[in-house]
Amino acid sequence: MKKIIKKLLLGKPSQGAQPQFNPIQKRIQNIQSIWNNDHQEDNGIEKIVRLMLASSQLLFPGIYIKYCASKKGVEYQDLALDFYVLLKVIFPIVILINQWQNQQWIIWILVYVFLETVFYIPTLIFASDLFSKPRSYKRSMLLLFFNYLEIAFAYAVFYSVGNYMNRPFLHWFDSVYFSIVTSSSIGYGDYHPVTTIGKFLVTTQALLFLFFIVLFLNFFSTKVKTRGYFDHENQN
């Protein structure tokens, strides 16, 4: 049974050489690469934004989870990241079902992991000068879908924290429904924001999905070869 589970979760063990640098070292090297203009001759606000994006990942737990798992191998690193992403998807649903929206410390934890995803997507696009292309594009697209769900569910929690809508949510799924409808720019009209905070949340969610999801889906589906993310083979 143990062998079956291992085969299911880890697949075929990698026969290639293990990466020379761990995820934290790669991130630091990536920051240095942007600073030294090794792959792109940028300056001013573009360079500042790229440095901020590349550095932001050191503030969140994802890279440290990858670092710990990478000691056992690339497959374990991917598996640990998969479980971490799934946990971030489930977390807001657990909050909604148990009605923990009034627990401020829980909301702050949610905001923290939510920001990790918000910064992660543009980091891959604009600030990964030293990173190899994904081992699997299908896996990357699947993780992107889970990122979509995570952001939608997180906004559902934010909407349910206060009385921001024209009428209260009667069931925990109502806020999820409204969040997904908002992200899809459908707008049925049964729920709509009536307070400044509610309008701000709707606006940021619409902009976030317009910029991150549409752009990133196009970036992956067309597999555009650009400086940075897709320029390097999996040799590091």
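Residues numbered from 1 in each chain as written. Predicted model: local features only at pLDDT ≥ 70, side-chain atom pairs only at ≥ 80, totals over all residues. Heavy atoms only, no water.

With an unreviewed UniProt entry as reference, the chain is termed Two pore domain potassium channel family protein, source organism Flavobacterium sandaracinum. Recorded in UniProt under Subcellular location (unreviewed entry), the annotation for the chain is "Membrane". (UniProt positions renumbered as here; feature names shortened; annotations may be inferred.)

(A) Geometry of the environment of His171. Note that His171 resides in the loop between α7 (137-161) and α8 (172-183). Sequence-wise, His171 and Ile97 are 74 residues apart; in three dimensions their C-alpha atoms are separated by 9.0 Å. In this structure the side chain of His171 is engaged in a polar contact, spanning 3.0 Å, whose partner is the backbone nitrogen of Phe173. (Helix = DSSP H or I, 4+ residues; strand = E, 2+ residues; numbered from the N terminus. Polar contact = N/O pair within 3.5 Å; in protein donor to acceptor, adjacent residues only side chain to side chain.)

(B) Representation of the UniProt feature "transmembrane region" (unreviewed entry) in the chain within the structure. On the UniProt side, "transmembrane region" (unreviewed entry) is annotated at positions that read residues 79-99, 105-128, 140-161 and 200-220 here. Between the C-alpha atoms that bound residues 105-128 the distance is 32 Å, and the span itself is 92% helix and 0% strand. Helix makes up 100% of residues 140-161 and strand makes up 0%, while its end C-alpha atoms are separated by 32 Å.

(C) The arrangement of a nonpolar patch on the surface in detail. Taken together, Met1, Ile4 and Ile5 make up a surface patch of nonpolar side chains, about 360 Å² in accessible area. Tracing the chain through its elements places Met1 in the segment before α1 (2-10). Judged by its relative accessible area of 73%, Met1 falls in the exposed class. (Patch = residues over 30% accessible without salt bridge, like charges linked within 9 Å, V, L, I, M, F, W, Y side chains within 5 Å. Areas by Shrake-Rupley, 256 points an atom, 1.4 Å probe, with all protein chains shown as cover. Salt bridge = Lys/Arg side-chain N within 4 Å of Asp/Glu carboxyl O. Buried < 20%, exposed > 50% of the residue type's maximum accessible area, 1.4 Å probe, protein only.)

(D) View of the packing of aromatic side chains. Going through the model one piece at a time under the given rule, you end up with 14 aromatic pairs. Seen in terms of ring centroids, Tyr159 and Phe178 are 4.9 Å apart; in terms of plane orientation they differ by 75°. Their pairing is edge-to-face. You can see Tyr159 sitting in helix α7 and its partner Phe178 sitting in helix α8, a full 19 residues away along the chain. Like Phe178, Tyr159 is buried. Relative to Phe173, the ring of Trp172 lies with its centre 5.8 Å away and its plane at 90°, an arrangement referred to as edge-to-face. Three or more aromatic residues joined by ring pairs make a cluster, and in this case those are Phe114, Tyr155, Phe158, Tyr159, Phe169, Phe178 and Tyr191. (Phe/Tyr/Trp six-rings, centres within 6.5 Å; stacked < 30°, edge-to-face > 60°.)

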